[in-house]
Amino acid sequence: MKIGFIGCGNMASAMIGGILRQGIFSKDEIIVSNLTDEGRARSEKTLGVVTTLNNNEIVRSAKTVVLAVKPQFYEKVLTEVHDSLTTEHTIIGIAPGKTLAWLEEKAGLPLKVVRFMPNTPAQVGAGMTAVCTNDRVSEDELAEILKITDSFGCTEVVPERLMDAAGAVGGCSPAYVFMFIEAMADAAVSQGMPRKQAYKFASQTVLGSAKMVLETGRHPGDLKDMVCSPAGTTIEGVRTLEKSGFRSAVFEALTAAAEKGKKL
Ligand SMILES: NC(=O)c1ccc[n+]([C@@H]2O[C@H](COP(=O)([O-])OP(=O)(O)OC[C@H]3O[C@@H](n4cnc5c(N)ncnc54)[C@H](O)[C@@H]3O)[C@@H](O)[C@H]2O)c1
């Protein structure tokens, strides 16, 4: 086995999807653990990878192990697999708040530790992942790790002190963008547009606007100004968004998410 995932829910499935699509590893080189037989059957059916109910089997069969359970279960899982871990292992944490030092301490031996902060758009190969490592991970090993994260989207290597910021602007923000899309579509529906068409307009507009920021390299404010005709329709919407505290609401939401990450 090349890689093992302890827990195979939303995030693990999204990452494995990219790894398989890009041919980084094959189905028989990936092992995942599930809590129940139903979960195991689901992972086999949807991903076709090797499955087990035994977390120690993951650690015994793969040298790279991703901890893909909720942060509340990290300590329990690390205690459970402690005796199977060796200094040859690379442990990858994907939970907010679980630092490199914390992961190494709970693993109980000096090993390679990596943190990913991915997001759910990884499911469609358009993820954004922050990566940091401890100093046992060499440049060559990091390059291999980046092949994994690049398979499900874009990657930025960041210093660990930026992982909570990355969690907010990358990990959590899809939820806020989906809320924005939903609200835009609701408004279009209230103006008479069919629901399905409203989602298409809202989603494609978010996608296209993001693409403009990425591809033109122009300042978002500049791109916003291009849309606002003098005495036109858009600037009226800008006025009401500013009045409703739109920017501040987004600022506060991301700050709250980053601060929560520091406490987990
Ligand atoms: N969902 C996101 O947007 C996102 C983004 C970035 C990081 N993360 C992080 O990814 C991790 C997983 O999140 P998720 O959204 O995939 O959660 P999830 O609930 O979808 O998946 C977790 C899976 O782990 C399984 N599990 C729980 N305890 C287990 C155990 N002891 N052994 C084996 N399996 C066990 C659960 O049955 C579940 O299938 C979390 O730490 C989360 O913070 C999530």
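Calculation criteria
Residues numbered from 1 in each chain as written. Predicted model: local features only at pLDDT ≥ 70, side-chain atom pairs only at ≥ 80, totals over all residues. Heavy atoms only, no water. UniProt positions renumbered as here; feature names shortened; annotations may be inferred. Helix = DSSP H or I, 4+ residues; strand = E, 2+ residues; numbered from the N terminus. Contact = heavy atoms within 4.5 Å. Near = heavy atom within 4 Å. Polar contact = N/O pair within 3.5 Å; in protein donor to acceptor, adjacent residues only side chain to side chain. Areas by Shrake-Rupley, 256 points an atom, 1.4 Å probe, with all protein chains shown as cover. Nonpolar A, V, L, I, M, F, W, Y, C, P; charged D, E, K, R; others polar.

An unreviewed UniProt entry lists the protein under the name Pyrroline-5-carboxylate reductase, with Blautia massiliensis as the source organism. The heading Sequence similarities (unreviewed entry) in the UniProt record of the protein holds the text "Belongs to the pyrroline-5-carboxylate reductase family." As stated in UniProt under Subcellular location (unreviewed entry), the record for the protein gives "Cytoplasm".

Asks: Tell me about the UniProt feature "domain: Pyrroline-5-carboxylate reductase dimerisation" (unreviewed entry) in the protein, and name the residues and values.
Replies: Annotation from UniProt places "domain: Pyrroline-5-carboxylate reductase dimerisation" (unreviewed entry) at residues 160–264. In residues 160–264, the share of helix is 82% and the share of strand is 0%. The end C-alpha atoms are 15 Å apart.

Asks: Quick one: what's the story with the environment of Ala 62, residue by residue and with numbers?
Replies: With respect to the helices and strands, Ala 62 occurs in the loop between helix 3 (55–61) and strand 4 (64–67). Separated by 70 residues in the primary sequence, Ala 62 and Cys 132 place their C-alpha atoms 21 Å from one another. The residues contacting Ala 62, other than those within four sequence positions of it, are Met 1, Lys 2, Ile 3, Gly 4, Ile 31 and His 89.

Asks: Give me the lowdown on the site of the ligand, citing residues and values where you can.
Replies: Taken together, 21 residues surround the ligand, and among them Asn 10, Met 11, Asn 55, Val 69 and Ile 94 come closest. Val 69 places a polar main-chain atom, nitrogen or oxygen, 2.6 Å from an oxygen atom of the ligand. In the environment of the ligand, an oxygen atom lies 3.2 Å from a nitrogen or oxygen atom belonging to the side chain of Lys 70. The fraction of the free accessible surface of the ligand (830 Å²) that becomes covered by protein chains is 81%. Residue assignment for the shell around the ligand shows that the elements contributing at least two residues are helix 1 (10–21) and helix 4 (74–81). It is helix 4 that provides the largest number of residues to the shell around the ligand, a total of three residues. The residue makeup of the shell around the ligand, split by class, is 13 nonpolar, six polar and two charged.

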